[in-house]
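Below, each chain spelled out in residue letters.
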Amino acid sequence: MTSRKPFVGGNWKMNLHGAEAQNLATQLTESLPTTDKVDIAIFPAFGYLAQVGKIIEGSSIKLGAQDFYHQPNGAFTGEVSLSMLTDLGVSVVLIGHSERRHVIGETDSLVNDKVLAALEANMQVILCVGETLEQREAGKTDAINMGQTLLGLAGVKAEQMAQVTLAYEPVWAIGTGKTATPADAQSAHLHIRQALAQSLFNQKIADAVRIQYGGSMKPGNASELCGEPDIDGGLIGGAALQAADFAAICETAASQ
Ligand code: PEP
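Residues numbered from 1 in each chain as written. Predicted model: local features only at pLDDT ≥ 70, side-chain atom pairs only at ≥ 80, totals over all residues. Heavy atoms only, no water.

1. Focus: the environment of Ser83
Among the structural elements, Ser83 can be located in helix H3 (residues 82-87). Considered as a pair, Ser83 and Gly220 are 137 residues apart in the sequence and their alpha carbons are 38 Å apart. Engagement of the side chain of Ser83 in a polar contact is seen with the side chain of Ser81, the distance being 3.3 Å. (Helix = DSSP H or I, 4+ residues; strand = E, 2+ residues; numbered from the N terminus. Polar contact = N/O pair within 3.5 Å; in protein donor to acceptor, adjacent residues only side chain to side chain.)

In structure tokens form, the structure reads like this:
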């Protein structure tokens, strides 16, 4: 089995205004582990990407964007293109976060358009998948994850998979304080990896792809989650807004 470097992302969502965002970024440059045993990215709100980017420039923290539009330019009022993000120093993008799927209404087809465009633009992609509570209770967890993975990655070439990370984020666990048990999360991750091996690519590629867990990961539960064999770090929301908590999660992921 391939050893995978864990990857931890901090999704600030629509939180933190200018001074707060700059303050958190400054604290992170001072407190995040400098080890190369974990990759770390932060995803500030769009309006503060430039300011935060300046602060983390020269550190090992990658600048990420929470969303973008897949067209290169044109009459798409309110949207931001990949080349605009590149201008701002962004190198990682979140795609298909459950809040975009379930609150904003993004479809699998739009998610796939974004994945293909981001890979073409040489971005690192974090593709989020995950079931709702209703789907979990109906026993559909693995089918939903497989569907979102296959549709999201349709048309992606094998050689582009080095740019792709998946994030398994059960919708019912995001921002709720409820966390999947390590065993449930591990089972979902393993099924996603099997889908990559059997239905899209091959075992070698599936073994190399990092799959983050997201859904109320905190310093107190990061160790048991990240200790599972198919969990390769986390996508963190609430706990990413506190430098000490985010740093502790990154330390934990690095030490697994
Ligand atoms: C997220 O925003 O992707 C997330 C997992 O949020 P939280 O950690 O707050 O559940």
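2. Some words on the pattern of salt bridges
The full count for this structure, using the stated rule, is 15 salt bridges. We note a salt bridge from Arg100 to Asp67, for which the minimum N-O separation is 3.2 Å. With Arg100 in helix H4 (residues 98-104) and Asp67 in the loop between strand S3 (62-65) and H3, this residue pair connects regions lying 33 residues apart in the sequence. What makes Arg100 partly exposed here is its relative accessible area of 22%. (Salt bridge = Lys/Arg side-chain N within 4 Å of Asp/Glu carboxyl O. Buried < 20%, exposed > 50% of the residue type's maximum accessible area, 1.4 Å probe, protein only.)

3. Digging into the site of the ligand
In the region of the ligand, 14 residues are neighbours, and Lys13, Glu169, Gly175, Ser216 and Gly238 sit closest. Between an oxygen atom of the ligand and a main-chain N or O atom of Gly175, the distance comes to 2.6 Å. Within the backbone of Gly237, one N or O atom sits 2.8 Å away from an oxygen atom of the ligand. Within the shell around the ligand, the residues separate by chemical class into 4 nonpolar, 8 polar and 2 charged. (Near = heavy atom within 4 Å. Nonpolar A, V, L, I, M, F, W, Y, C, P; charged D, E, K, R; others polar.)

4. Structural notes on the side chain of Gln160
Checked against the element boundaries, Gln160 lands in the loop between helix H7 (141-152) and strand S6 (164-168). On the accessibility criterion, Gln160 (11% relative accessible area) is buried. Ignoring sequence-local partners within four residues, the contact set of Gln160 consists of Leu119, Glu120 and Gly155. (Contact = heavy atoms within 4.5 Å.)

5. What to know about the nonpolar core
Among the nonpolar cores identified, the biggest contains 68 residues, and Trp12, Val93 and Phe246 are the most heavily contacted of them. The element that contributes the greatest number of residues to this core is helix H11 (residues 243-254), accounting for 7 residues. Listed in part, the 9 residues of the second largest apolar core include Phe7, Leu94, Cys128 and Leu235. (Core = buried A, V, L, I, M, F, W, Y, C linked by side-chain atoms within 4.5 Å.)

6. Quick look at the state of the cysteines
If you walk through the whole model with that rule in mind, you get 0 disulfides. The thiol of Cys226 is not disulfide-bonded; the next cysteine sulfur, from Cys250, is found 9.5 Å away. (Disulfide = S-S within 2.5 Å.)

7. Digging into the sheet that holds strand S4 (residues 92-95)
Around the barrel, which closes on itself, the 8 strands sit in the order S1-S2-S3-S4-S5-S6-S7-S8 with parallel pairing between neighbours. Within this sheet the neighbouring strands show an average axis-to-axis angle of 25°, counted without direction. For strand S5 (residues 124-129) and S6, the ladder comprises 5 bridges, and the chain directions are parallel. When the bridges of S6 are listed, Val125 appears paired with Val164. (Pairing = 2+ DSSP bridges. Axes fitted to C-alpha atoms, helices over the stretch in contact; angles between N-to-C directions.)

8. Let's talk about the side chain of Glu106
By secondary structure assignment, the location of Glu106 is in the loop between H4 and helix H5 (108-120). Here Arg100 takes part through its side chain, which lies 2.7 Å from a polar atom of the side chain of Glu106. Polar side-chain contacts of Glu106 include one of 2.8 Å to the side chain of Lys114.

9. Focus: the packing of aromatic side chains
In the structure shown here, the tally under the stated rule is 2 aromatic pairs. Both rings, one in Tyr69 and one in Phe76, keep their centres 5.0 Å apart while their planes meet at 45°; by these two values the pair is tilted. The ring of Phe68 is capped by Lys114, whose NZ or CZ atom sits 5.8 Å from the centre of that ring. (Phe/Tyr/Trp six-rings, centres within 6.5 Å; stacked < 30°, edge-to-face > 60°. Lys NZ or Arg CZ within 6 Å of the ring centre and 35° of its normal.)

Honestly, it's all geometry; don't read function into it.
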